Amino acid sequence: MAALGEVFARYGGAMTTLAASMLRNRTEADDVVEDALLRIHDAAPGFRGERGLRTWSLRIVANLCRDRLRRRKFQGDLPDEPDAFERAGLKFDPIADWDGALDQRVMAAALERAIDSLPPDQREVVVLRHRLDLSHADMAELLNVPEGTIKSRLARALAVLREHLKGMDT
Amino acid sequence: MNGDDRFDERITRLLAASHASANPAVLERARARLAERESASGFLAFLGRPVALATAAGLLVVSIAASLAIVSSERAATAVTTATATQASGGSLVAALLDDDGTYGLPAELASSSVNAPSDAGSTGSAGQSSDSNGVTP
């Protein structure tokens, strides 16, 4: 159980960020992380470290999120809330050297709404690549798809995000 | 760097600036669930061990023996009650018959009429007939 605390201390933030970004609901995200910890505990004896512990933990979280999103299709989507950050339980750290002409908070909120509109497979790659800084190779392993698929999903997702934020560009 | 690249860079920087922090309560809840599961699985593990099988077999033998003992004691009690009742009713019948004065427990007149009537009538009839026959007969 001490090892579980260590995993949580190291990767709990990344696991929660992935779950919150995927599910857009903090309560559900916490439930997923809790379930993931139990799975990590159960599967730990069979873990041979061929994949990094972080990637492995995130893979478990991603699978649990996909299950939840699949179930949500039948249960109806979440109610609309004005603040996408608040609903997802995400925090925005202001960027120091940002172009003053653009309100970064407004743009970040618009970006969250745009991420909401992405299909889960594209949302997943955007979050893993740009929010959790995983390499294409790690993502391919984590999602069990070829790197080419990852790149094309990312390109499609960024095109959608760009389209959503077009009016905000200067 | 063209406009699209600059825009993409902004998007990626904004994406990287948003994150969720881990909730310590999640770890506590997970630990509590693990502890609960382990206590439940401890009992299951005990059930899988030979000592559990021996305990179960012992309990089975004890319960069978107890139920047999209960059944046999019930049978014995029933047999004694039946024998006593039979003995008592048989004894009283014999005593009653021995003490009987010929009335069979009925009032004396009734007993004598019921006992004598058919024989008297028969004897009278037969006597009459016989006297008639005696009278007719030369």
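Criteria and cut-off values
Positions within a chain are numbered from 1, following the residues in the order the chain's sequence is written. For this description, chains carry letters from A and ligands carry numbers from 1, given in the order in which they are written. With pLDDT at 70 or above as the cut-off, local features in this predicted model cover only qualifying residues; side-chain atom pairs require 80 or more to be listed or tallied, and sums for whole chains, interfaces and linings still use all residues. Heavy atoms throughout the structure, all of them, feed into the side-chain values; hydrogens and water do not. The score called pLDDT rates the predictor's confidence residue by residue, from a low of 0 to a high of 100. Note on conventions: DSSP H or I runs of at least 4 residues are helices, E runs of at least 2 residues are strands, and numbering of each starts at the N terminus. The contact definition used throughout considers only heavy atoms, calling two residues in contact when any of these lie within 4.5 Å. The way it works is a 1 Å grid over only the protein atoms, where trapped points that fit a 1.4 Å probe form a cavity and open points with protein on both sides within 12 Å along at least five of seven lines form a pocket, and then any residue with an atom within 4 Å of a point lines it. Grid points are joined across faces, edges and corners, and a volume is the space filled by probe spheres set on the points. Charged means Asp, Glu, Lys or Arg here, nonpolar means Ala, Val, Leu, Ile, Met, Phe, Trp, Tyr, Cys or Pro, and polar covers whatever is left, Gly included. For the purposes of this section, nonpolar cores are sets of buried Ala, Val, Leu, Ile, Met, Phe, Trp, Tyr and Cys residues that join through side-chain atoms within 4.5 Å. Type-normalised accessible area, obtained with a 1.4 Å probe on protein chains alone, sets the label of each residue: buried when under 20%, exposed when over 50%, and partly exposed for intermediate values. Buried area is a sum: the accessible area each of two parts loses on coming together, probed at 1.4 Å, counted once for each and added. The salt bridge definition used is simple: a Lys or Arg side-chain nitrogen within 4 Å of an Asp or Glu carboxyl oxygen. Residues adjacent in sequence count toward polar contacts only when both atoms are side-chain atoms; beyond that, a polar contact is any pair of N or O atoms within 3.5 Å, and within protein one must be able to donate a hydrogen and the other to accept it. Fitted lines through C-alpha atoms serve as axes, helices being fitted only where they are in contact, and the angles separating the N-to-C directions of these axes extend from 0 to 180 degrees. If you view the pair so one helix is near and one far, a crossing is left-handed when the near helix is turned anticlockwise from the far one by less than a right angle, and right-handed when it is turned clockwise. Here roughly perpendicular refers to angles of 65 to 115 degrees, roughly parallel to angles under 35, roughly antiparallel to angles over 145, and oblique to all remaining angles. UniProt positions are given in the numbering used here, feature names are shortened, and annotations may be inferred rather than shown by experiment.

All right, on to the confidence of the model for chain B then. Residues and elements named next belong to chain B. Across chain B, pLDDT averages 75, with 70% of residues at or above 70. Of all helices and strands in chain B, the one with the weakest mean pLDDT is helix H4 (residues 108–136) (51), whereas strand S1 (residues 18–19) scores best (90). Low confidence marks residues 119–138, where pLDDT is under 50. Its contacts with residues over four positions away, or in another chain, come to 3 contacts. Of the two predicted TM-score estimates for the complex, the pTM is 0.65 and the ipTM is 0.84.

A few words now on the layout of surface pockets. Residue and element names in this part refer to chain A. Of the volumes computed, that of the second largest pocket is approximately 160 Å³. In terms of lining, the second largest pocket is formed by 10 residues, of which the most central are Ala3, Leu4, Val7, Ile40 and Ala44. At the level of secondary structure, the elements contributing two or more residues to the lining of the second largest pocket comprise helix H1 (2–23), helix H2 (26–43) and helix H3 (53–75). Considering only residue class, the lining of the second largest pocket consists of 9 nonpolar, 1 polar and no charged.

All names here are of chain A. In terms of nonpolar packing, the biggest core is built from 68 residues, with Met15, Leu18 and Leu161 touching the most fellow members. Looking at which element gives the most residues to this core, the answer is H1, with 11 residues. The residues touching Leu18, leaving out its near neighbours within four places in the chain, are Leu58, Val61, Ala62, Val127, Leu128 and Leu132.

Across the boundary between the two partners, chain A contributes 47 residues, which contact 30 residues of chain B. Buried area between chain A and chain B, summed over both chains or domains, comes out near 3,500 Å², and the portion from carbon and sulfur atoms is 61%. One can count 7 salt bridges joining chain A with chain B. Taking the shortest distance from any N to any O, the salt bridge between Asp42(A) and Arg37(B) comes out at 2.5 Å. Linking chain A to chain B there are 15 residue pairs in polar contact (both at pLDDT 80 or more).

What follows concerns the packing of H1(A) against helix H6 (residues 120–131) of chain A. Residues and elements named next belong to chain A. Put simply, H1 and H6 touch, their axes get as near as 10 Å, and they point 145 degrees apart. For the pair H1 and H6, the sense of crossing is right-handed. Every residue of H6 that contacts H1 at Thr17, Leu18, Ser21 and Met22 is listed here: Pro120, Arg123, Glu124, Val127, Leu128 and Arg131. Residue classes in the contact of H1 with H6 are distributed as 5 nonpolar, 2 polar and 3 charged.

Residues and elements named next belong to chain A. Per the counting criterion, the structure on display carries 21 salt bridges over all chains. Note that Glu6 and Arg10 form a salt bridge whose closest N and O atoms lie 3.3 Å from each other. Of the two residues, Glu6 and Arg10 both sit in helix H1, 4 residues apart, roughly one turn of that helix. Residue class for Glu6 comes out partly exposed when judged on its relative accessible area of 42%. Residue Arg10 is classed as exposed on the basis of its relative accessible area of 55%. In this structure, Glu112 and Arg24 form a salt bridge, with 2.4 Å as the shortest nitrogen-oxygen distance.

This part covers the packing of H2(A) against helix H2 (residues 24–47) of chain B. Interhelical geometry of H2(A) versus H2(B) gives an angle of 45 degrees and a closest axis separation of 9 Å. As the angle between them shows, H2(A) and H2(B) are arranged oblique. Considering how the two elements wind past one another, H2(A) and H2(B) form a crossing that is right-handed. Contact residues: Asp30(A), Asp31(A), Val33(A), Glu34(A), Asp35(A), Leu37(A), Leu38(A), His41(A) and Asp42(A) in H2(A); Val26(B), Leu27(B), Arg29(B), Ala30(B), Arg33(B), Leu34(B), Arg37(B) and Glu38(B) in H2(B). Of the residues contributing to the contact of H2(A) with H2(B), the split by class is 7 nonpolar, 1 polar and 9 charged.

Let us now look at the UniProt feature "transmembrane region" (unreviewed entry) in chain B. Under the UniProt annotation, the feature "transmembrane region" (unreviewed entry) is placed at residues 51–71 of chain B. A helix fraction of 100% and a strand fraction of 0% characterise residues 51–71 of chain B, whose end C-alpha atoms lie 30 Å from each other.

Glancing now at the environment of Thr16(A). Secondary-structure assignment places Thr16(A) in helix H1. Thr16(A) sits in the buried class, given a relative accessible area of 1%. C-alpha separation for the pair Thr16(A) and Val32(A), spaced 16 residues apart in sequence, amounts to 8.3 Å. In contact with Thr16(A), not counting residues within four places along its chain, are Arg26(A), Ala29(A), Asp30(A), Val33(A), Ala20(B), Ser21(B) and Ala22(B).

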